[in-house]
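Take a look at the letters that make up each chain.
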Amino acid sequence: MTQSQLPIHRLPLPAKTFQKALTRLDLDSEPSAQRRSTGFPTSTRGVWAPVQPLWTEWPLRVTKAEALELGADVDKGEGVDVEDVLHRWDPVDKEEKGDNGLALGSSAHRLKLEPILLGVSEIARAEVLPLLDVGDAADINATTDRDVSPARAALVDVLSGRKILSSADYGPWATRYCGHQFGQWAGQLGDGRAMSLIETISDAGLTEIQVKGAGRTPFSRSADGLAVLRSGVREYLGCEAVAALGIPTTRSLAILTSPIIVIRENGRELSSLVARTAPTFIRIGHFEAMNPGEAGRRSYQIHFGGGWNNVHEAEADKASPLGGHGNLDGLRDLTLWVKDEIMHSNGSIEDWFLDVVRRNADTVAAWQVYGFMHGVLNTDNISIMGLTIDYGPYAFMDVFDPQHICNHSDPGGLYSYRNQPNRVLFALDSLASSLLPILGYEKLNGAPPPAGWGESASTDDVRKWEEAGLAAIEGWNDIFTKTQEKAERDGWKMRFGFKTYKDDDDRSIVRNFQSMLKACSADFGASLRLLAALEPSRADEDGYIRKFAKRLIAATTADLPPDSVMRAEEDAGAWLRVYAARAAQDSEVEGWKKDAPDGKWEVARTAAMRKVNPRFILRQWVLEEVISTMDSALKDADVPTARRALALVLDIASNPFESYGEREDGSIRDDLDDATADRARLCGLGPRDMLGFQCSCSS
Ligand code: AMP
Ligand code: MG
């Protein structure tokens, strides 16, 4: 720990906070208002509602003894008031304020929660929260749960909601967003189980800390606001695995569990709470909430599942200039906040929009290049900053299949691997639709609209702005496609170890490689890693390619039927011959020689390729294994085993390019010590029946 590090409750707030910049939603003051699903008309300007973590079993149950404590004699038929029940979580006992103006508050009831810290991502902490002191949680396997350091205790208290960090005008919040789910307008969604606790500033920039699974919010609809262990572990590891590949993403700070049980379709499950970070968690859906745009206008309806007991009348909508929907001032607040304060985009709103387009194009291109499948590309899961966000039924491609669908709940394959770029384009189209009035105003007036522009706007004004907005960004989708294609090419160039990229590479290298993998049922990531060991200069040596093809098929396929093996080796050999010839072209050799003072250009090529082609891939079988180990261990109250299993996978996922027992020639040593052998095992393809596994993750 350096002098300047601070425990979580002492972190400095930025001068302009989310809550100062954006409008608060109007909720009743009783504590139940935070837990009641509330539908807001789309003319609402508000973005966020104050809400405190409530990590508890749901539905809430009160024992007879508790009822008596609350003054209700159940035997005499007296009922318990829900507000009295919830008031027990009011953070009434406040500790002294820090320099940031925030104090920790709690109550005897809150302190009954027994959270268990399962892991901290030290790499994420160092990269995005350098000022945060987590005390001895930084190396949780080396410590016990006795004599916990004060910084670690504060971390666990704040993340779990045992203590609430707040001041008179600042505290945890949840946000309202809308969205298109599986292509259909879904109306209001919102942070149903995510709450932001604090935003802080450091040399690493702005970072918001958000917990997922800490109980109900006004946006929970009919659900419980909780998360099962499985979904928490998948998110915690997924974020860091994606970050290690250099793909923009939210980050994981920590994961906790507690004795709280969650009820899901398979019965009772352990709960988890993940603390994740991002400069902002604003999604396209937040803009759609401010102005649902054309799609929303055509088919707008709020789907009220069970549990909505406080639906505001949508009367105000009728007076709105946005054809009955949306809020222009809210749209302005949100746009300028994200553009100026979060993304520091100094140009026009139009420029900023194109930046958002490019960032998302780059991110989806990186997903394609690394075979990452998000699984649920609804517009409410697309970050305005192009971060990979909301890790649910995601998967990394193993046996290559462009039509692969990783989400069990997507039988139509809307979000299959090959559809990802198109679906991100669709999401950006929804964003464009929401932004049209503000883009058009700027175009016609040469400046962003002033505060209050919505109050005097007429329907005709809005129509005029929308038309101008559409003209202003004409061709944006070509920018998306060009950016995405270029980023994909750059990515493939890097992964295939090329110094140059030629027009024909798209077909003869990339697409033919993919077709070969598909025909051979070969593994995507393992094949690319092995290509680093190819020595292009030896391609003409008798039998070299044939032997390499044999190795490739042996190492990257699982249990091929014997009569398919020879065919697969021939297919692989045919492609490898083209690839080796391409990699041995003069331009390539000359290019690599510049990196190899000793002239050993193939050694330089291999080393560079291994820095971009991971040895470890967070495969479904690894996730299933670590989840099952943790689940069993925790059920036996064996916390150290659960922590160790998680920390091991996190460490490998955070350092995926290491060799883990791999030799220079790409083969795997068989004389490894136990620890390395286990890491090498985790780098393997895993059981055959887990290849192409579709996640039907209960959340
Ligand atoms: P997702 O598909 O996970 O992105 O979730 C879609 C919407 O459902 C979001 O608004 C979530 O906040 C909400 N949601 C998902 N699971 C839960 C849950 N267990 N409790 C409350 N809201 C949830
Ligand atoms: Mg989501």
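Sequence positions are assigned chain by chain, starting from 1 and proceeding in written order. In the order they appear in the text, chains get letters beginning with A and ligands get numbers beginning with 1. pLDDT decides what is reported in this predicted model: residues at 70 or higher carry local features, side-chain atom pairs at 80 or more are listed and counted, and totals for whole chains, interfaces and linings draw on all residues regardless. As a rule here, side-chain values come from all non-hydrogen atoms in the structure, and water together with hydrogens is ignored.

- Per an unreviewed UniProt entry, the protein chain goes by Selenoprotein O and derives from Cutaneotrichosporon cavernicola.
- Under the Sequence similarities (unreviewed entry) heading, UniProt states for the protein chain: "Belongs to the SELO family." UniProt positions are given in the numbering used here, feature names are shortened, and annotations may be inferred rather than shown by experiment.

A short note on the coordination of the magnesium ion (ligand 2)
Logical step 1: Water is not among the atoms examined, so metal sites may look incomplete; donors are the N, O and S atoms within 2.8 Å of the metal, or within 3.2 Å for Na, K and Ca. Taken together, Asn381 (OD1) and Asp390 (OD) make up the protein donors of the magnesium ion (ligand 2), found 2.0 to 2.2 Å from the metal. Asp390 shares its class with Asn381; the two are buried. When a residue's accessible area, from a 1.4 Å probe over protein chains only, is under 20% of the maximum for its type it is buried; when over 50% it is exposed; and in between it is partly exposed.

Describing helix H11 (residues 420–445)
Logical step 1: Secondary structure elements are defined from DSSP: runs of H or I of at least 4 residues count as helices, runs of E of at least 2 residues count as strands, and each element is numbered from the N terminus. Here, expected helix span is obtained from the residue count minus one, scaled by 1.5 Å. The terminal C-alpha atoms of H11 lie 36 Å apart, and with 26 residues this matches the ideal 38 Å at 1.5 Å per residue to within 8%.
Logical step 2: In terms of residue burial, H11 counts as a mostly covered element, since 19 of its 26 residues are buried.
Logical step 3: Where H11 terminates, the next one or two residues include Gly446, which has phi positive at roughly 70°.

Description of the pattern of salt bridges
Logical step 1: Any carboxyl oxygen of Asp or Glu that lies within 4 Å of a side-chain nitrogen of Lys or Arg is treated as forming a salt bridge with it. If you walk through the whole model with that rule in mind, you get 47 salt bridges.
Logical step 2: Lys163 is the partner of Glu95 in a salt bridge, and the nearest nitrogen-oxygen pair spans 3.0 Å. Here Lys163 lies in the loop between helix H5 (150–160) and strand E5 (164–166) and Glu95 lies in the loop between strand E2 (93–94) and strand E3 (103–106), a separation of 68 residues in the sequence.
Logical step 3: Judged by its relative accessible area of 40%, Glu95 falls in the partly exposed class.
Logical step 4: Judged by its relative accessible area of 16%, Lys163 falls in the buried class.
Logical step 5: One salt bridge connects Glu122 with Arg125, and the closest N-O pair in it is separated by 2.8 Å. Within this pair, Glu122 and its partner Arg125 are both found in helix H4 (residues 122–128), separated by three residues, close to a single helical turn.
Logical step 6: Given a relative accessible area of 8%, Arg125 falls into the buried group.
Logical step 7: Through salt bridges that share partners, Lys212, Glu235, Arg276, Arg283 and Asp390 make up one connected network.

So, the site of ligand 1
Logical step 1: Neighbouring residues of ligand 1: 17 residues in total, closest Gly190, Gly192, Arg221, Gly225 and Asn381.
Logical step 2: A 3.5 Å cut-off defines polar contacts: any pair of N or O atoms within that distance qualifies, except that in protein one atom must be a possible hydrogen donor and the other a possible acceptor, and neighbouring residues in sequence count only when both atoms are side-chain atoms. Separating a nitrogen atom of ligand 1 from a side-chain N or O atom of Asp224 is a distance of 3.1 Å.
Logical step 3: Contact between ligand 1 and Asn381: an oxygen atom at 3.0 Å from a side-chain N or O atom of the residue.
Logical step 4: Reported accessibility uses the Shrake-Rupley method at a 1.4 Å probe radius. Residues are deemed covered only where the shown protein chains occlude them. When the free accessible area of ligand 1 is taken as 480 Å², the share hidden by the protein chains comes to 81%.
Logical step 5: Think of it as three bins: nonpolar holds Ala, Val, Leu, Ile, Met, Phe, Trp, Tyr, Cys and Pro, charged holds Asp, Glu, Lys and Arg, and polar takes everything else, Gly as well. Looking at the shell around ligand 1, its residues break down into four nonpolar, seven polar and six charged. Residues are counted as near a molecule or strand when any one of their heavy atoms sits within 4 Å of it.

Observations concerning the packing of aromatic side chains
Logical step 1: Each pair of aromatic rings taken from Phe, Tyr and Trp, with Trp reduced to its six-membered ring, is defined by centres within 6.5 Å and is described as stacked if the planes are under 30 degrees apart, edge-to-face if over 60, and tilted in the remaining cases. Applying the stated criterion across every chain yields a total of 27 aromatic pairs.
Logical step 2: On the numbers, 5.8 Å between centres and 25° between planes, the contact of Phe372 with Tyr394 is stacked. Residue Phe372 is found in strand E15 (residues 372–373), and its partner Tyr394 is found in the loop between E15 and strand E16 (395–396); the two are separated by 22 residues along the sequence.
Logical step 3: The interplanar angle of 85° and the centroid separation of 5.4 Å between the aromatic rings of Tyr391 and Tyr394 together place this pair among those described as edge-to-face. Tyr394 carries the same exposure label as Tyr391, and that label is buried.

A word on the environment of Pro50
Logical step 1: Following the sequence through the fold, Pro50 ends up in strand E1 (residues 48–50).
Logical step 2: Taking relative accessible area as the criterion, Pro50 reaches 25% and is therefore assigned partly exposed.
Logical step 3: Along the primary structure Pro50 and Leu27 are separated by 23 residues, whereas in three dimensions their C-alpha atoms are 8.8 Å apart.
Logical step 4: Note on contacts: a residue pair qualifies if any of its non-hydrogen atoms lie within 4.5 Å across the two residues. Setting aside chain neighbours within four positions, we find Pro50 in contact with Arg24, Gln34, Pro172 and Trp173.

Describing the nonpolar core
Logical step 1: As used in this record, nonpolar core signifies buried Ala, Val, Leu, Ile, Met, Phe, Trp, Tyr and Cys residues forming a set joined through side-chain atoms within 4.5 Å. Phe353 and Phe496 are the most contacted members of the largest nonpolar core, which has 181 residues in total.
Logical step 2: Residue contributions to this core peak at 12 residues, all from helix H10 (residues 349–370).
Logical step 3: Val589, Trp592, Ala596 and Ala604 belong to the second largest nonpolar core, which has five residues in total.

Here's the deal with the sheet that holds E5
Logical step 1: Judged by pairing direction, the sheet is antiparallel, and its three strands sit side by side in the order E2-E3-E5 without closing on themselves. Since the sheet does not close on itself, it has two edges, and those belong to E2 and E5, each with one partner.
Logical step 2: Whether two strands pair depends on DSSP finding at least two bridges between them. Bridge analysis of E3 against E5 gives three bridges, and the strand direction is antiparallel. Paired with Gly105 across the strands is Ile164, a residue of E5.

Details of the pairing of strand E7 (residues 178–181)
Logical step 1: Relative to strand E8 (residues 184–188), E7 runs antiparallel, the two being bridged by three bridges. Looking across to E8, one finds that Cys178 is bridged to Gln188.
Logical step 2: Between E7 and E8, which pair antiparallel and follow one another directly, the connecting turn spans two residues, one of which, Phe182, has a positive phi of 45°.

Re helix H19 (residues 586–593)
Logical step 1: Among the residues making up H19, those that are buried are Glu588, Val589, Gly591 and Trp592. Angularly, the buried residues of H19 cover 160° about the axis, an arc narrow enough to put them on a single face. Think of the arc as the fan of directions from the helix axis to the C-beta atoms.

Things to note about the packing of H11 against helix H13 (residues 459–472)
Logical step 1: Fitted lines through C-alpha atoms give the axes, limited to the stretch in contact for helices. The angle between two N-to-C directions lies from 0 to 180 degrees. Interhelical geometry of H11 versus H13 gives an angle of 85° and a closest axis separation of 6 Å. With respect to each other, H11 and H13 are oriented roughly perpendicular. For the pair H11 and H13, contact is made by Leu436, Pro437, Leu439, Gly440, Tyr441, Lys443, Leu444 and Asn445 and by Lys464, Trp465, Glu466, Ala468, Gly469, Leu470 and Ala472, respectively.
Logical step 2: A class-by-class count of the residues in the contact of H11 with H13 yields nine nonpolar, three polar and three charged. When describing relative orientation, an angle under 35 degrees is termed roughly parallel and one over 145 degrees roughly antiparallel, while 65 to 115 degrees is termed roughly perpendicular and anything else oblique.

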